[in-house]
Amino acid sequence: MAKKKTTLSTAFGIPVGDDQNSLTAGQRGPVLMQDAHLLEKLAHFDRERIPERVVHAKGAGAYGVFECTADVSRYTKAKFLTKGKKTEVFARFSTVGGEKGSADAERDPRGFAVKFYTEDGNYDFVGNNTPVFFIRDPLKFPDFIHTQKRNPATNCKDPDMFWDFLSLTPESIHQVTVLFSDRGTPATFRNMNGYSSHTFVWYNAKGERFFVQYHFKTDQGIQNLTRQEAAAMRSKDPDHATRDLHDAIARGEFPSWTLEMQIMPYEEGLKYRFDIMDITKVWPHADVPPIVVGKLTLNRNPVNYFAEVEQAAFGPGNLVPGIAASPDKMLQARLFSYHDTHLHRLGPNYHLIPVNAPKGRPETSYQRDGFMRVDNGGGAGPNYWPNSFGGPAPDEKAMEPPFPVAGMANRTPYGHENDDFVQPGALFSKVMTDQDRKNLIGNIVEHLSGAQKRIQLRQCALFYKAHPDYGAGVAKGLKLPLDEVKKLAAMSQEERAKATAE
Ligand code: NDP
Ligand code: HEM
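Quantities reported herein were computed from a predicted structural model and do not represent experimental measurements. (Residues numbered from 1 in each chain as written. Chains lettered and ligands numbered in written order. Predicted model: local features only at pLDDT ≥ 70, side-chain atom pairs only at ≥ 80, totals over all residues. Heavy atoms only, no water.)

Q: Explain the coordination of the iron atom of ligand 2 here, please?
A: For a metal bound by four donors in tetrahedral geometry, the ideal donor-metal-donor angle is 109.5 degrees, whereas six donors in octahedral geometry ideally sit at 90 or 180 degrees. When only protein atoms are considered, the iron atom of ligand 2 has one donor, Tyr338 (OH), at a distance of 1.8 Å. Checked against the element boundaries, Tyr338 lands in helix α9 (residues 329-345). (Donors = N, O, S within 2.8 Å, 3.2 Å for Na, K, Ca; no water. Helix = DSSP H or I, 4+ residues; strand = E, 2+ residues; numbered from the N terminus.)

Following this line, the structure appears as structure tokens:
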């Protein structure tokens with residue numbers, strides 16, 4: 001059946017008579033200023049681009065549902081984490097360092113962000129497909145990201161920048177090991193896990209607190225691309241993972257993830273053998289076995305990419321009652337950074353954009369006005385609190401229970417006993433297969449070979465400290481003298497940096 005014809009209009013609904021020929025003085029004459037339709041059309045086009053995300057610019061998203069399948073009320077009072085409850089979600093997956101048009105098959109962590117539209121407002125989970133991160137102090141984040149972007153002089157990606165920073169930042173070794181395994185190039189967004197990476201806090205109705213780590217485990221199974229397959233994919237289809245997610249959902253093959261939680265009583269967490277506020281560390285499963293809590297299923301594609309995916313805005317500070325931030329320094333800084341960047345990227349009323357607006361309950365705040373306040377802005381209701389006109393009132397049940405803090409205010413590094421090499425060593429020697437180790441070393445050698453020799457040596461010393469076979473394997477691939485690598489590995493970080501400075 002033919003679709004009913006709709007008359008084209010201007011942005012203000014005025015019917016347009018001709019959309020192919022500009023208004024000119026005579027057939028060959030100059031264009032007239034009075035062609036309001038042309039001017040409006042061009043002016044809007046001129047403003048089509050908004051700033052892309054400074055990180056995680058390339059991504060794909062979909063809607064779905066989260067179902068809580070376990071009774072976790074003894075750990076959290078979050079209402080959406082009630083057994084049997086289903087909550088609508090929007091998820092966005094992304095690469096990190098590349099621009100909005102970059103290839104999906106780049107070696108990079110993958111963002112794994114899920115917005116839960118709960119009855120207590122939006123809860124944003126903003127994780128990655130890696131259980132750890134490169135750095136653990138937010139002061140280092142802008143510098144780290146600069147090294148993953150383009151050289152300021154050449155505008156090219158630069159292995160010197162990339163490896164110089166990492167080799168001078170030994171706590172990155174765990175994440176570097178994950179990233180350069182084949183998990184650094186997942187086959188699709190459907191075939192990867194999502195981790196909170198940070199420790200968060202859950203608290204129950206009695207106000208008891210627990211430290212938690214989230215693991216969304218893919219039900220499709222982990223599948224990765226080798227570096228050769230990833231290189232071929234980048235040229236064959238730079239959008240392969242975006243396309244894969246869309247097409248799978250369109251076919252009715254709905255991807256799902258099982259949410260497993262690691263949960264540790266608060267006091268135990270403070271004394272745990274690894275610093276649980278250090279995002280470069282995991283909690284070994286043998287210490288804290290994960291428990292199954294729910295299932296996330298994506299079942300609906302967005303209709304308009306810009307409206308729903310590009311304008312989606314996630315914030316680690318959007319936490320609902322029952323869930324709280326831990327004192328992890330990186331997480332604390334992220335609580336600020338996302339809302340701040342959204343104000344820049346989308347404007348002060350970004351929470352009104354439908355994908356970001358709470359769906360489980362309405363916004364009932366006293367925030368008013370600002371650019372693009374496109375609803376009725378609180379109407380005739382009071383715009384201040386306290387008021388005696390029946391405006392929304394705080395409810396103390398929504399408060400996080402008080403928690404102790406202590407210590408001297410200082411710029412304090414993580415403790416020396418918090419060994420950075422044990423866990424990447426375990427990953428290399430106990431978790432990886434021979435084939436995984438071979439691919440890891442090959443992936444590193446290919447990338448690190450582009451850096452200066454002194455940087456290669458410094459980085460190789462870190463691999464050696466994680467495991468001698470790891471360091472020796474990379475040294476062999478790069479034809480570096482193993483004796484020199486060993487000598488550097490035996491030095492302190494300061495000595496090593498000095499010995500390999502320009
Ligand atoms: P386990 O043997 O219990 O678990 C190993 C974990 O490693 C599994 O979750 C597995 O994920 C994951 N894994 C396998 N290959 C890779 C890879 N190339 N990159 C990242 N993760 C991988 O061991 P432990 O809990 O004692 O941890 C040992 C090491 O495993 C850690 O030091 C850490 O590097 C890594 N790891 C640990 C996690 C944790 O939360 N404890 C989480 C992820 C990694 P899957 O089950 O999906 O195959
Ligand atoms: C996106 C900052 C660490 C996961 C972003 C954005 C900023 C940012 C500014 C862009 C947001 C936007 O424009 O919409 C930071 C800072 C960090 C940090 C300052 C450390 C101090 C992390 C970590 C993780 C993470 C550790 C994962 C565990 C993500 C994800 C996105 C993102 C998934 C994309 C969200 C989306 O899909 O829109 N980050 N980040 N970030 N970050 Fe971070």
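Q: Would you mind going over the UniProt feature "binding site: heme" (unreviewed entry) in the chain with me for this structure?
A: Here, UniProt's "binding site: heme" (unreviewed entry) annotation points to Tyr338. Discounting chain neighbours no more than four positions away, the residues touching Tyr338 are Val126, Phe314, Gly315 and Pro316. (UniProt positions renumbered as here; feature names shortened; annotations may be inferred. Contact = heavy atoms within 4.5 Å.)

Q: In this structure, what is going on with empty space enclosed by the protein? I would like to understand it.
A: Over the atoms, a rolled probe matching the size of one water molecule traces out where space is still vacant. Counted by the stated rule, this structure contains two cavities of 30 Å³ or more. Quantified by volume, the largest cavity comes out at close to 60 Å³. Taken together, Asn129, Arg183, Pro186, Asn191, Met192, Asn193, Tyr195, Ile222 and Asn224 make up the lining of the largest cavity. Among the residues forming the lining of the largest cavity, the class breakdown is four nonpolar, four polar and one charged. Grouping the constituent residues of the lining of the second largest cavity by class yields five nonpolar, one polar and one charged. (1 Å grid on protein atoms, 1.4 Å probe; cavity = no way out; pocket = protein on both sides within 12 Å on 5 of 7 lines; lining within 4 Å. Points joined across faces, edges and corners; volume = space filled by probe spheres on them. Nonpolar A, V, L, I, M, F, W, Y, C, P; charged D, E, K, R; others polar.)

Q: Please explain the site of ligand 2 as it appears in this structure.
A: In the region of ligand 2, 26 residues are neighbours, and Arg53, Arg92, Arg334, Tyr338 and Arg345 sit closest. Measuring from a nitrogen atom of ligand 2, one finds a side-chain N or O atom of Tyr338 at 2.7 Å. Counting only elements with at least two residues in the shell around ligand 2, the list comes to β3 (110-118), β4 (121-128) and α9. Take the shell around ligand 2: its biggest share by element is seven residues, from α9. Residues belonging to the shell around ligand 2 are distributed by class as follows: 12 nonpolar, 10 polar and four charged. (Near = heavy atom within 4 Å. Polar contact = N/O pair within 3.5 Å; in protein donor to acceptor, adjacent residues only side chain to side chain.)

Q: Would you take a moment to explain the UniProt feature "active site" (unreviewed entry) in the chain for this structure?
A: In the numbering used here, UniProt assigns the "active site" (unreviewed entry) feature to His56 and Asn128. Annotated residues spanning 73 residues; largest pairwise C-alpha distance 10.5 Å, indicating a single compact cluster. Mapped onto the secondary structure, His56 falls in the loop between α1 (36-46) and β1 (59-68). Setting aside anything within four residues of it in sequence, one finds His56 in contact with Arg92, Ser94, Thr95, Val96, Gly111 and Asn128. Mapped onto the elements of the fold, Asn128 is located in strand β4. Judged by its relative accessible area of 10%, Asn128 is buried. Those residues within four positions of Asn128 in sequence are excluded, and the remaining contacts are His56, Pro109, Arg110, Gly111, Phe112, Phe133, Asn193, Gly194, Tyr195 and Ser197. (Buried < 20%, exposed > 50% of the residue type's maximum accessible area, 1.4 Å probe, protein only.)

Q: In this structure, what is going on with the site of ligand 1? I would like to understand it.
A: In the neighbourhood of ligand 1, 18 residues make up the surrounding shell, with His174, Arg183, Asn193, Trp283 and His285 lying closest. In this structure, Trp283 approaches ligand 1 through a main-chain N or O atom, which is 2.9 Å from a nitrogen atom. Counting only elements with at least two residues in the shell around ligand 1, the list comes to α4 (173-179), β7 (209-218) and α10 (422-431). Element by element, the count of residues in the shell around ligand 1 is highest for α10, at three residues. Looking at the shell around ligand 1, its residues break down into nine nonpolar, seven polar and two charged. There are two domains that each give the shell around ligand 1 at least three residues, and those are domain 1 (59-131 + 188-352) and domain 2 (135-168 + 421-502). (Domains from an automatic or database assignment.)

Q: Even after reading the chapter, I still don't get the domain arrangement of the chain, so can you show me in this structure?
A: Interface size is commonly expressed as the accessible area that is lost once the parts come together. Once the domains are mapped, the chain shows domain 1 (59-131 + 188-352) and domain 2 (135-168 + 421-502). For domain 1 and domain 2, the distance between their C-alpha centres works out to 28 Å. On the side of domain 2, 14 residues touch domain 1, which itself brings 17 residues to the contact. Summed over the shared surface of domain 1 and domain 2, the number is six residue pairs in polar contact (both at pLDDT 80 or more). Element by element, the count of residues in the side of domain 1 that touches domain 2 is highest for α9, at three residues. Of the residues assigned to the side of domain 1 that touches domain 2, the class counts are seven nonpolar, four polar and six charged.

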